[in-house]
Amino acid sequence: MNFSESDNQKINIENSSISLYIKREDLLHPFISGNKFRKLKYNLIQAKKENKDTLLTFGGAFSNHILAVAAAGNANGFKTIGLIRGEELEAKIDDNPTLKKAQDFGMNFEFISREKYREKNSFDFKEHIKEKFGDVYVIPEGGTNDLAVKGCEEILSQEDEKFDYVCCSVGTGGTVSGIINCSKSSQQVLGFPALKGDFLREDIRSFVTKSNWDLVTEYHFEGYGKVSIELIQFINEFNQKYKIPLDPIYTGKMVFGVLDMIDKNYFPEHSKILMIHTGGLQGVDGMNKKLKQKKQLQININD
């Protein structure tokens, strides 16, 4: 599924020669949203080729990926299993919007300790999965693998070749890798990690051969899942002005970063910039629950 230029929404910047657009990948599907739709597309095809009837994957309490796999499995005739980080969450499903909705889509959960979860890629853990769950189709945490990158290579359309810069949030690196692979050599791809640290470069290099990309590591807001009053105010004001809801974990931070970089004259005059909205809006309910408990400003994603 490819987008046309009409799916790129213009962001007007006062007193600037910069041309800024955002690709509304968040509108692809209400639950299999944005990059999750892209990452799962060819994995679902492969699972059917292998005659698997069950998808198994991993995630945390408010994982976009967990909900997307549950919804995709439900829509495509697969049973789904989620291995969830944190044993304490088993008693809190009804209080967790993400897990409750995934359960409504038919996903079965196994809650494991954080210590055990860190071993999920080990040989012993993989053998445990085979013994306990049988011949399942395993999708990695966050969904990133070669087939996911292939799906993300379909994000940019021919009409997007006019942009000088393509900007995208980065979690596990699969989405930005696909964008890099399908970008033109004349374009610069900028990834905005949601996590602290520069370790994602090596992960991305394992999926790409081009060098027209870089990571902007200054806009993680102290790390994955962390937000600030400044970020929340920005997201709310952006939505009020442009009628575009942003999630606080990924796209909100990237858009904040791009606009800040424009203010600081990072981009040359008359640059054409495309930002990718990777979805993730389902996680806002969970974040707002946390913010309400702390009596902090909440995120508004409604028009």
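Residues numbered from 1 in each chain as written. Predicted model: local features only at pLDDT ≥ 70, side-chain atom pairs only at ≥ 80, totals over all residues. Heavy atoms only, no water.

Moving on, we get to the nonpolar core. By size, the foremost hydrophobic cluster in this structure holds 36 residues, and its most contacted members are Phe192, Phe238, Val255, Val258, Phe267, Ile273 and Met275. If you list the elements that add at least two residues to this core, you get strand S2 (19-23), strand S7 (165-170), strand S8 (188-193), helix H9 (229-242), helix H10 (251-263), strand S10 (272-276) and helix H11 (284-293). It is H10 that contributes the most residues to this core, seven residues altogether. Membership of the second largest hydrophobic core comes to 25 residues, among which are Ala47, Leu99, Met107 and Tyr137. (Core = buried A, V, L, I, M, F, W, Y, C linked by side-chain atoms within 4.5 Å. Buried < 20%, exposed > 50% of the residue type's maximum accessible area, 1.4 Å probe, protein only. Helix = DSSP H or I, 4+ residues; strand = E, 2+ residues; numbered from the N terminus.)

The next point concerns the pairing of strand S3 (residues 54-59). For S3, the tally of buried residues reaches six of six residues, placing the bulk of the element in the interior. Side chains Thr54, Leu56 and Phe58 project from S3 onto one buried face, and the interleaved Leu55, Thr57 and Gly59 project onto a second face that is buried too. By the bridge criterion, six bridges tie S3 to strand S4 (residues 79-85) in an arrangement that is parallel. Looking across to S4, one finds that threonine 57 is bridged to glycine 82. Between S3 and its parallel partner S4, the chain crosses via helix H2 (residues 64-76), and the hand of that crossover is right-handed. Taken together, the two bridges between S3 and strand S6 (residues 137-138) define a ladder with parallel strand orientation. Looking across to S6, one finds that leucine 56 is bridged to valine 138. (Pairing = 2+ DSSP bridges. Right-handed = clockwise from strand over helix to strand, strands pointing away.)

Relative to the assigned elements, lysine 132 resides in helix H5 (residues 123-133). C-alpha of lysine 132 to C-alpha of methionine 275: the two residues are 143 residues apart in sequence and 42 Å apart in space.

Looking now at unusual backbone geometry. Phi at glutamate 222 is positive, roughly 80°, even though this residue is not glycine. With respect to the secondary-structure elements, glutamate 222 resides in the loop between strand S9 (213-215) and H9. Within the chain, lysine 295 stands out as a residue other than glycine whose phi angle is a positive 60°. Considering the arrangement of structural elements, one finds lysine 295 in the segment after H11.

Viewed as axis vectors pointing N to C, H2 and helix H3 (residues 97-104) meet at an angle of 15°, and their least axial separation amounts to 8 Å. Accordingly, the angle class assigned to the pair H2 and H3 is roughly parallel. The element H2 and its partner H3 pack so that their crossing is left-handed. Every residue of H3 that contacts H2 at Ile66, Leu67 and Ala70 is listed here: Thr98, Leu99, Lys101 and Ala102. Tallied by class, the residues present in the contact of H2 with H3 amount to five nonpolar, one polar and one charged. (Axes fitted to C-alpha atoms, helices over the stretch in contact; angles between N-to-C directions. Parallel < 35°, antiparallel > 145°, perpendicular 65-115°, else oblique. Left-handed = near helix turned anticlockwise from the far one by under 90°. Contact = heavy atoms within 4.5 Å. Nonpolar A, V, L, I, M, F, W, Y, C, P; charged D, E, K, R; others polar.)

As summarised here, the arrangement of the six strands in space is S1-S2-S10-S7-S8-S9, forming an open sheet in which the pairing is mixed. Only two strands of the sheet have a single neighbouring strand rather than two, namely strand S1 (8-11) and S9. On average, adjacent strands in this sheet sit at an angle of 25° to one another, irrespective of strand direction. Two strands pair when backbone bridges link them, and S8 and S9 are joined in this way by three bridges, in the parallel orientation. Counterpart to leucine 190 in the pairing with S9 is aspartate 214. Strands S2, S7, S8 and S10 of the sheet are contacted by H10, whose axis makes an angle of about 165° with S10.

Overall, the coordinates contain 19 salt bridges when judged by the stated rule. Aspartate 214 is the salt-bridge partner of arginine 201, the closest N and O atoms lying 2.9 Å from each other. With arginine 201 in helix H8 (residues 200-205) and aspartate 214 in strand S9, the pair connects residues that are 13 residues apart, well separated along the chain. Judged by its relative accessible area of 30%, aspartate 214 is partly exposed. Among the ionic contacts, a cluster of salt bridges with common partners joins Glu50, Lys52 and Asp135. (Salt bridge = Lys/Arg side-chain N within 4 Å of Asp/Glu carboxyl O.)

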